[in-house]
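Each chain, letter by letter, is given below.
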Amino acid sequence: MRSFSLVQPPSLKDLISFLARGNGQIALLAGGTDLYSLLKDEIVKPEVIVDLSPLKELAGLKQEKDFLRIGALTTISDLASFPIIQKNFPGLKQAAQSIGSPQLRNVGTVGGNLCQRPRCWYFRDPLFLCRKKGGARCFAVQGRNKYHAIFGGGICNIVHPSDLAPALISLEARVRIASREGEKEMPLSDFFSPPSISLRQENKLQPGEVLTEIIVPHPSPRLKSTYLKFTERGSFDFAVVSVAAAAEVQGRSLLKPHFVLGGVAPVPWRLTSFEKMIEGQRIEEEKVAAAALQALKESKPMSENAYKIDLAAVLLTRATMSLISR
């Protein structure tokens, strides 16, 4: 690990002022569950690390009339334990509880989970100069690609590792970003950047900007949500495939469905073709399973990961049936 300077701004205003001055290569430290491993392997080599832990103003939940505001420094364990999350956002609670171990959930943050770097073994291995690190090729194309993308790949075949992102996108969440120029908001679905747009980073945060909060609309009384995740290990594992689902339930029909896949693409992948096939239809398991397989024909698996199609189809079917049984 290379040496670096450590800065601890006492407030968000001080943080933004420091970032605006442009003090060399900067890394932001929240829970550190991802950054520490990147530092050890010298995948990132910051000159300055900015410790965000003093910024208590960026932690916790705030209820407003139409929205729930989640501070970016809220720990994942706190997110899962808030009564309003447990009552109104079961899919988000399930996603939070599926992350890592209790120890990691106690220190990992919501913002950190959204902004974590990909787990691709070629990207993480210091010996491989892959395209994402400035090299000329994606080694997964002709190499070991069991865990890589079946959607949205090509130039780079990473998958986005966040569990919270699919769940929050299914709930139509937005993010707020602060900088010297002020604050701005955007849909969380627009926050992530595929390799075709931004090869070197996975989101739209620019130098001098910081993610401050996530804004989730209060659900309608008929909105139901769920999160399902397949992993190779029983716990402490990233999703091979996951599905976040949210929809208004009317009898055995779903209105305004949102189905977002994780573990299959460089960004959380909303499967709009599946949504269109089932919206307003009477939900029957066989028809849902057929619609899932039809929608997944859009995928482009590589030599070792076509199995993800069947996994995704099963999870989509189970998530859909779960919504109407709640």
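Structure's up top.
First things first, this report covers the structure right here in the doc. (Residues numbered from 1 in each chain as written. Predicted model: local features only at pLDDT ≥ 70, side-chain atom pairs only at ≥ 80, totals over all residues. Heavy atoms only, no water.)

Looking only at helices and strands, the chain has 13 helices and 12 strands in total. Here the C-alpha atoms of the chain give a radius of gyration of 20 Å, agreeing with the 20 Å that 2.2 N^0.38 yields for 326 residues. If one aligns the C-alpha atoms of the chain with their principal axes, the spans along those axes are about 60 × 50 × 35 Å. Sequence-distant contacts, at least 24 apart, represent 65% of the contacts inside the chain between residues at least 6 apart. Working note: accessible area of the chain is about 15200 Å², and carbon and sulfur atoms make up 51% of it. Each charge sign in the chain was given a centre, from 42 positive and 31 negative side chains, and these centres are 2 Å apart. (Helix = DSSP H or I, 4+ residues; strand = E, 2+ residues; numbered from the N terminus. Rg over C-alpha atoms; globule rule 2.2 N^0.38 Å. Contact = heavy atoms within 4.5 Å. Areas by Shrake-Rupley, 256 points an atom, 1.4 Å probe, with all protein chains shown as cover. Lys, Arg positive; Asp, Glu negative; His and termini not counted. Charge placed at Lys NZ, Arg CZ, Asp CG, Glu CD.)

Moving on: the pattern of salt bridges. The full count for this structure, using the stated rule, is 20 salt bridges. Residue arginine 117 is joined to glutamate 202 by a salt bridge in which the shortest nitrogen-to-oxygen separation is 2.5 Å. Separated by 85 residues along the polypeptide, arginine 117 in the loop between α7 (110–115) and α8 (121–124) and glutamate 202 in the loop between α10 (188–191) and β8 (210–217) bring together distant segments of the chain. Summarising the burial analysis for this pair, arginine 117 and glutamate 202 share the class buried. Note that arginine 144 and glutamate 304 form a salt bridge whose closest N and O atoms lie 2.9 Å from each other. One end of the pair, arginine 144, is in the loop between α8 and α9 (164–170); the other, glutamate 304, is in the loop between α12 (285–295) and α13 (307–325), and 160 residues separate them in sequence. Residue glutamate 304 is classed as partly exposed on the basis of its relative accessible area of 28%. Within the structure, one salt-bridge network assembled from shared partners comprises Glu64, Arg69, Arg174, Arg176, Glu183, Glu185 and Glu213. (Salt bridge = Lys/Arg side-chain N within 4 Å of Asp/Glu carboxyl O. Buried < 20%, exposed > 50% of the residue type's maximum accessible area, 1.4 Å probe, protein only.)

This next bit is on the packing of aromatic side chains. Tallied over the full model, the rule gives eight aromatic pairs. Arranged with centres 6.5 Å apart and planes meeting at 90 degrees, the rings of tryptophan 121 and tyrosine 122 form a pair that is edge-to-face. Taking the centre distance of 5.3 Å and the plane angle of 75 degrees together, the rings of phenylalanine 191 and phenylalanine 192 count as edge-to-face. Judged on exposure class, the residue phenylalanine 191 and its partner phenylalanine 192 are both buried. An aromatic cluster is defined as three or more aromatic residues linked by ring pairs; in this entry it consists of Trp121, Tyr122, Phe128, Phe139 and Tyr147. (Phe/Tyr/Trp six-rings, centres within 6.5 Å; stacked < 30°, edge-to-face > 60°.)

This part is about the side chain of aspartate 34. Secondary-structure assignment places aspartate 34 in the loop between β2 (26–29) and α2 (35–40). Within the structure, the side chain of aspartate 34 is placed 2.8 Å from the side chain of arginine 124, a separation counted as a polar contact. (Polar contact = N/O pair within 3.5 Å; in protein donor to acceptor, adjacent residues only side chain to side chain.)

This part covers unusual backbone geometry. Phi is positive for glutamate 42, close to 55 degrees, though the residue is something other than glycine. By the element assignment, glutamate 42 lies in the loop between α2 and β3 (48–51). In this model, glutamate 172 sits at a positive phi of 60 degrees, which is unusual for a non-glycine residue. We classify glutamate 172 as exposed; its relative accessible area is 52%.

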